[in-house]
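Listed below, chain by chain, are the residues.
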Amino acid sequence: MEGGRKLLALKLATAAAHELHHCNDGWAIRVSLLLELDMPDAAVTDCKDWTNGPGGHLAVAWALYGDAMRATGQGPRALQHYERALKID
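### Re the nonpolar core
For step 1, the next point in the chain: Counting 19 residues, the largest nonpolar core has V31, C47, W50, L64 and Y65 as the members making the most contacts within it.
For step 2, the next point in the chain: Among the elements of the structure, α1 (2-19), α2 (24-36), α3 (40-51), α4 (59-71) and α5 (75-88) are those that each provide at least two residues to this core.
For step 3, the next point in the chain: Sorting elements by how many residues they give to this core places α4 first, with 6 residues.
For step 4, the next point in the chain: Apart from the residues within four sequence positions on either side, L64 is in contact with A28, V31, S32, C47 and W50.

### Things to note about α2
For step 1, the next point in the chain: In a regular helix each residue adds 1.5 Å, so 13 residues correspond to 18 Å; α2 covers 18 Å between its end C-alpha atoms and thus fits that length.
For step 2, the next point in the chain: Regarding α2, the residues found buried are N24, G26, W27, A28, R30, V31, L33 and L34.
For step 3, the next point in the chain: Phi for D38, located one or two positions after α2, is positive at around 60 degrees.

### Section: unusual backbone geometry
For step 1, the next point in the chain: Of note in the backbone geometry, D38 takes a positive phi value of approximately 60 degrees without being a glycine.
For step 2, the next point in the chain: Take D38: its relative accessible area is 64%, and that puts it in the exposed class.

### A short note on the pattern of salt bridges
For step 1, the next point in the chain: Throughout the structure, instances matching the rule amount to 2 salt bridges.
For step 2, the next point in the chain: The salt bridge partner of E36 is K6, with a shortest N-O separation of 3.0 Å. With E36 in helix α2 and K6 in helix α1, this residue pair connects regions lying 30 residues apart in the sequence.
For step 3, the next point in the chain: Assessed through its relative accessible area of 49%, E36 is described here as partly exposed.
For step 4, the next point in the chain: For D46, the salt bridge is made with R30, and the minimal N-O distance between the two is 2.3 Å.

About the thresholds
- Residues numbered from 1 in each chain as written.
- Predicted model: local features only at pLDDT ≥ 70, side-chain atom pairs only at ≥ 80, totals over all residues.
- Heavy atoms only, no water.
- Core = buried A, V, L, I, M, F, W, Y, C linked by side-chain atoms within 4.5 Å.
- Buried < 20%, exposed > 50% of the residue type's maximum accessible area, 1.4 Å probe, protein only.
- Helix = DSSP H or I, 4+ residues; strand = E, 2+ residues; numbered from the N terminus.
- Contact = heavy atoms within 4.5 Å.
- Expected span 1.5 Å × (residues − 1).
- Salt bridge = Lys/Arg side-chain N within 4 Å of Asp/Glu carboxyl O.

Coordinates in, geometry out; function isn't part of it.
Right, dumping it as structure tokens:
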């Protein structure tokens, strides 16, 4: 049941992120849910798109990018993204 709720939330967050072009909350929720659903590669792809677009100036976007990189076993690159988040913040 919980998985179904998370999938529905993922669909809603996806719609918000893509239909409301600069909906950073939608992006953040989508990435968080992808990580919770054990889909770190998709989260990395989303973070790359997000930070190269509307979220490039947001610390939360870079911090979540770090989380996604860490989840894929890319610790050194994750650290770079965390450092960028701290610089922005």
